[in-house]
Amino acid sequence: MGKATDIIDEVKKVICGKDDVITMVLTGMLSNGHILIEDVPGVGKTTMALSFSRVMGLDYGRVQFTPDVLPSDITGFSIFDKEKGTMVYQQGAVFHNLFLADELNRASSRTQSALLEAMEERQVTVDGNTYQLPNPFVVFATQNPSGASGTSLLPDSQMDRFTIKISMGYPSMKDEMEMVKTRKSGNPIESLEQVISSKEFLEMQKEVTEVHMDDKVLKYIVALVGQTRASELLERGASPRATLDLANMSKAHAYVSGKSFVTPNDVKAVFDSTITHRVLLSPNAEMDGVSASEAIEEVIKFVAAPRV
């Protein structure tokens with residue numbers, strides 16, 4: 001918990017008044033997952049990713065996605081070397097510990113799909129050859145709200161690969177005033193200190209996997225995901241990958257909270273962020289104005305939590 005608290009406190013120097021969001025992002029990273037941040041421009045999505053890379057000593061790379069970005073810009077490409085007489089592979093932009101896919105939903109579907117293998121297998125395949133990505137590896141993606149000018153929907157297969165989806169939201173008046181004050185003497189990101197190294201981050205991820213989960217809690221997780229498939233409010237429920245992510249997120253939440261075991265409250269705390277973007281509302285629920293978060297809340301109410 002000590003290192004996790006230090007990381008959160010350092011990032012808070014730049015991201016004002018979003019402690020819950022910062023904690024959820026760190027939880028997602030510790031679960032060995034990928035982060036999707038959806039919100040309007042200018043609320044600090046890119047700043048969040050850059051802050052975490054600096055505080056955690058992670059090699060950082062960024063691509064500003066536009067319709068003309070090609071898949072080879074992301075995964076890399078092969079060119080002919082006249083001196084060697086062979087094709088030589090040139091690494092793409094994805095080869096970093098923390099890769100920021102900024103405004104991902106402005107790119108074409110073809111370019112968006114270039115990230116699928118990287119996010120799932122931590123590797124890319126170019127011209128029949130497979131290349132391993134750095135370890136640790138995490139994708140931060142930002143997107144403008146669906147329907148915003150110049151955007152297209154991310155495919156379901158890609159949404160399912162994001163461990164969590166969160167929103168920054170506008171700051172309060174107090175936090176916005178504090179933000180302005182902290183920038184009087186320059187960009188506060190430049191003053192951030194590195195709290196851990198990438199090696200220590202890997203050790204923390206390993207410690208998360210060792211957090212104990214009782215079979216009662218595991219059964220609760222499976223029952224919750226199963227209920228998303230049975231709910232009348234949902235046309236499509238969460239996938240088995242979501243079950244794995246929910247279990248990992250619950251362990252990471254317990255770890256960040258300073259516990260060595262998972263409780264049902266840990267599961268509830270991460271359920272919305274882990275599941276909401278993976279489900280599809282039924283037509284009747286949409287007509288009634290029910291949101292995905294409200295449907296997920298009904299799932300939590302329906303499934304009884306065990307006593308641990």
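Whatever comes next refers back to the structure up there.
Residues numbered from 1 in each chain as written. Predicted model: local features only at pLDDT ≥ 70, side-chain atom pairs only at ≥ 80, totals over all residues. Heavy atoms only, no water.

### Some details on the pattern of salt bridges
With the rule as written, the count across this model stands at 17 salt bridges. In this structure, D245 engages R278 in a salt bridge whose closest nitrogen and oxygen atoms are separated by 2.7 Å. With D245 in helix α11 (residues 240-256) and R278 in the loop between α12 (264-275) and β11 (280-281), this residue pair connects regions lying 33 residues apart in the sequence. Residues D245 and R278 agree in their burial class; the two are buried. Put simply, D266 and K259 hold a salt bridge, and the shortest N to O gap is 2.9 Å. One continuous salt-bridge network, built from bridges that share partners, spans E120, D160, R161, R241, D245 and R278. (Salt bridge = Lys/Arg side-chain N within 4 Å of Asp/Glu carboxyl O. Helix = DSSP H or I, 4+ residues; strand = E, 2+ residues; numbered from the N terminus. Buried < 20%, exposed > 50% of the residue type's maximum accessible area, 1.4 Å probe, protein only.)

### Section: the packing of aromatic side chains
Applying the stated criterion across every chain, the model contains three aromatic pairs. When the centroid spacing of 6.3 Å and the interplanar angle of 65° are considered together, the rings of Y89 and F95 count as edge-to-face. Across the pair, exposure class does not vary: Y89 and F95 are buried alike. Each ring, one from Y89 and one from Y131, has its centre 3.8 Å from the other, and the planes form 5°; the classification is stacked. (Phe/Tyr/Trp six-rings, centres within 6.5 Å; stacked < 30°, edge-to-face > 60°.)

### Observations concerning the nonpolar core
In a soluble, globular protein the nonpolar side chains are often hidden away together inside. Counting residues in hydrophobic clusters, the biggest one holds 66 residues, and the most contacted among them are M29, M48, F52 and F140. By residue number, the principal contributor to this core is α11, which donates eight residues. If we ignore the near neighbours within four places in the chain, the residues touching F52 are I7, V11, I22, V25, L26, M29, L98 and F140. (Core = buried A, V, L, I, M, F, W, Y, C linked by side-chain atoms within 4.5 Å. Contact = heavy atoms within 4.5 Å.)

In short, shape yes, function no, at least from these values alone.
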